[in-house]
Structure formats: C-alpha cells, structure tokens
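Structure assessment
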Amino acid sequence: MSQEYDYLFKVVLLGEPRVGKTSLIVRYLKNIFSSGEYAQTLGANFLIKRLNVITEADSHSDIAIPAEKRVLLQIWDLAGHMRTTQVKEHFYRGAAGCLLVYDVENQDSYDNLALWYGDVKKKMPNAKIAVLANKLDLCEGVQEVQKAHHDLQEIAKEFEAQFRFGTSAKTGENVEEAFTQMTRSLVQGSETRSS
Ligand SMILES: Nc1nc2c(ncn2[C@@H]2O[C@H](COP(=O)(O)OP(=O)(O)O)[C@@H](O)[C@H]2O)c(=O)[nH]1
Ligand SMILES: [Mg+2]
C-alpha cells in the first residue's frame, strides 16, 4: 500500500485565553463558528487535517515543475487557561510551525504575545512562525482596520515571523489562507533541506 501522505507536520496555536485559537481551528476544520466560548480543547491533544499544497517551482533546480504534495497536518490547541509556564513539553515537542494569535480588540493579548514568542524561541527555535491578528471583524471603520494592520506588521517584524494574517474565525477571513500558507512554507522548507 502506498503511503497516504508525503509530509506530516505538527503545528501549534499559542496565545492568551479567549483570543480565538479554538474558534480558528473549528472554522478551519468544520467551517463553522459558534459565538460561545470553547471551554476546553476539543477533547483531544490535537486534530488532523489533510490537505494538498502545490509547491512553487524551484528556480535553483533543473526541475522547475510545481509539484502537488499531500500533507497531514497535526493541529495542537491549548487547553483552557493554561499559562505559558505551564505549557507542557509535549505540547512543543516536534512542532514545525507555530501560529501566534492575539485579539485585535484586546491590548493585553497583543502585549503578552511576547511571552509566548519567548517560549517559542526557547522550546522550538527552528519553528516557522506566523502571527495572526484575530477578530478583525470587530474593527469598526477604515481607521481601526488600518491601525490593526499596522500593529500586526510591527509585531510580525519584531518576531521575525515568516508571515502574518489578519483573521476572523467569525467570518472566516484568511483562516484557510493562514493554515495553507504555513503548510506550504513547511513543505518548501523540507524540500529545500532534502535536495
Ligand atoms: N467577533 C469574533 N469573535 C470571536 C472570533 N474568534 C473567536 N471569537 C469569540 O471569542 C471567544 C473566545 O474564543 P475561543 O476560540 O474559545 O478562544 P481561545 O480561548 O483562544 O481558544 C468566543 O466567545 C468566540 O466566539 C472572531 O474572529 N470574531
Ligand atoms: Mg480554546
């Protein structure tokens, strides 16, 4: 029997309680949104998503043909109100990518993201990093949206994040894009290393 996937990656979501980590995962996996708080994790350490990504043609290689890769994504969610210091080793172990999430309407969640980032640098120094500014749907007017994007740009630069997205688990804006971009980036990273 042929193997069912080309790559398996572990991706973790980090950030303060209530920023919408679980909602983002539920939106991505089930394409639904519930306005109630998800009290706990989804009852498991992680959830699985299968997806195919097309890698970009590699200009440094003779074979400049984009290829489709089958990926199994292991998405890890944080239980309830775990604080950074309590995050278990097994949560970080083997993670290839990290989505750092804050809430655009919650300044503390923005300020405290540095604590999570510090953890990431210590525990998973080679992980690819994305910063997600979630709840973008709550921004009112052009100015607020602009400020949100400006803040996001600043923090992504500070964290040397590979990419950043303004998201909304409520409307679905950029949710699939964020996970797909992370996956594509992980595939590309692996291909470059192995060639
Ligand atoms: N308006 C809005 N509310 C959101 C969004 N994402 C999550 N929420 C709400 O924020 C609260 C916390 O979400 P939850 O996913 O449990 O956050 P977690 O603790 O980070 O996992 C819930 O009431 C969600 O319905 C979003 O993008 N927009
Ligand atoms: Mg949660």
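Report on the accompanying structure. (Residues numbered from 1 in each chain as written. Chains lettered and ligands numbered in written order. Predicted model: local features only at pLDDT ≥ 70, side-chain atom pairs only at ≥ 80, totals over all residues.)

**Some points on the site of ligand 1**
- Ligand 1 sits among 18 residues. The nearest are Gly20, Lys21, Thr22, Ser23 and Lys170.
- The element that contributes the greatest number of residues to the shell around ligand 1 is helix H1 (residues 21-30), accounting for three residues.
- Among the residues forming the shell around ligand 1, the class breakdown is five nonpolar, seven polar and six charged. (Near = placed C-beta within 6 Å. Helix = DSSP H or I, 4+ residues; strand = E, 2+ residues; numbered from the N terminus. Nonpolar A, V, L, I, M, F, W, Y, C, P; charged D, E, K, R; others polar.)

**A word on the nonpolar core**
- If you look at the biggest cluster of nonpolar residues, it comprises 50 residues, and the most contacted ones within it are Val11, Cys98, Leu99 and Leu100.
- Of all the secondary-structure elements, those providing two or more residues to this core are strand E1 (7-14), H1, strand E3 (68-76), strand E4 (97-103), helix H4 (113-123), strand E5 (128-134), helix H5 (141-158) and helix H6 (175-194).
- It is H6 that contributes the most residues to this core, six residues altogether.
- Ignoring anything within four residues of it in the chain, the contact list for Val11 reads Leu73, Gln74, Ile75, Trp76, Ala95, Ala96, Gly97, Leu99 and Met182. (Core = buried A, V, L, I, M, F, W, Y, C linked by C-beta atoms within 7 Å. Buried ≥ 20, exposed ≤ 12 C-beta atoms within 10 Å, placed from the backbone. Contact = placed C-beta atoms within 7 Å.)

**What to know about unusual backbone geometry**
- The backbone phi angle of Arg18 is positive, close to 75 degrees, even though this residue is not glycine.
- Inspection of the secondary structure assignment puts Arg18 in the loop between E1 and H1.
- In this structure, Asn174 takes a positive phi of about 60 degrees despite not being glycine.

**Points about the environment of Phe91**
- Among the structural elements, Phe91 can be located in helix H2 (residues 89-92).
- Phe91 gets classed as buried once you count the C-beta atoms within 10 Å, which come to 22.
- Sequence spacing of Phe91 and Leu78 is 13 residues, and the spatial spacing of their C-alpha atoms is 8.4 Å.
- With near-sequence residues (within four places) excluded, Phe91 lies in contact with Val12 and Trp76.

**Some remarks on H4**
- Leu113, Trp116, Tyr117 and Val120 are the residues of H4 that are buried. Down the axis of H4, the sector holding all buried residues measures 100 degrees, keeping them to one side. Of the exposed residues in H4, those oriented more than 90 degrees away from the buried face are Gly118 and Lys122.
- Along its buried surface, H4 packs onto E1, E4, helix H3 (107-111), E5 and H5. (Arc of directions from axis to C-beta.)

**Thoughts on the sheet that holds E4**
- The six strands lie next to each other as E2-E3-E1-E4-E5-E6, forming an open sheet whose pairing is mixed. Pairing within the sheet leaves two strands with one partner each, and these edge strands are strand E2 (46-54) and strand E6 (163-166). Strand-to-strand twist in this sheet, taken as the mean axis angle between neighbours without regard to direction, amounts to 25 degrees.
- Bridge analysis of E5 against E6 gives four bridges, and the strand direction is parallel. Within E6, the residue paired with Ala130 across the bridge is Phe163.
- Of the strands in this sheet, E1, E4 and E5 touch H4, which is tilted by about 170 degrees from E4.
- The strands touched by H5 are E5 and E6; relative to E6, the strand with the most contacts, the crossing angle is about 160 degrees. (Pairing = 2+ DSSP bridges. Axes fitted to C-alpha atoms, helices over the stretch in contact; angles between N-to-C directions.)

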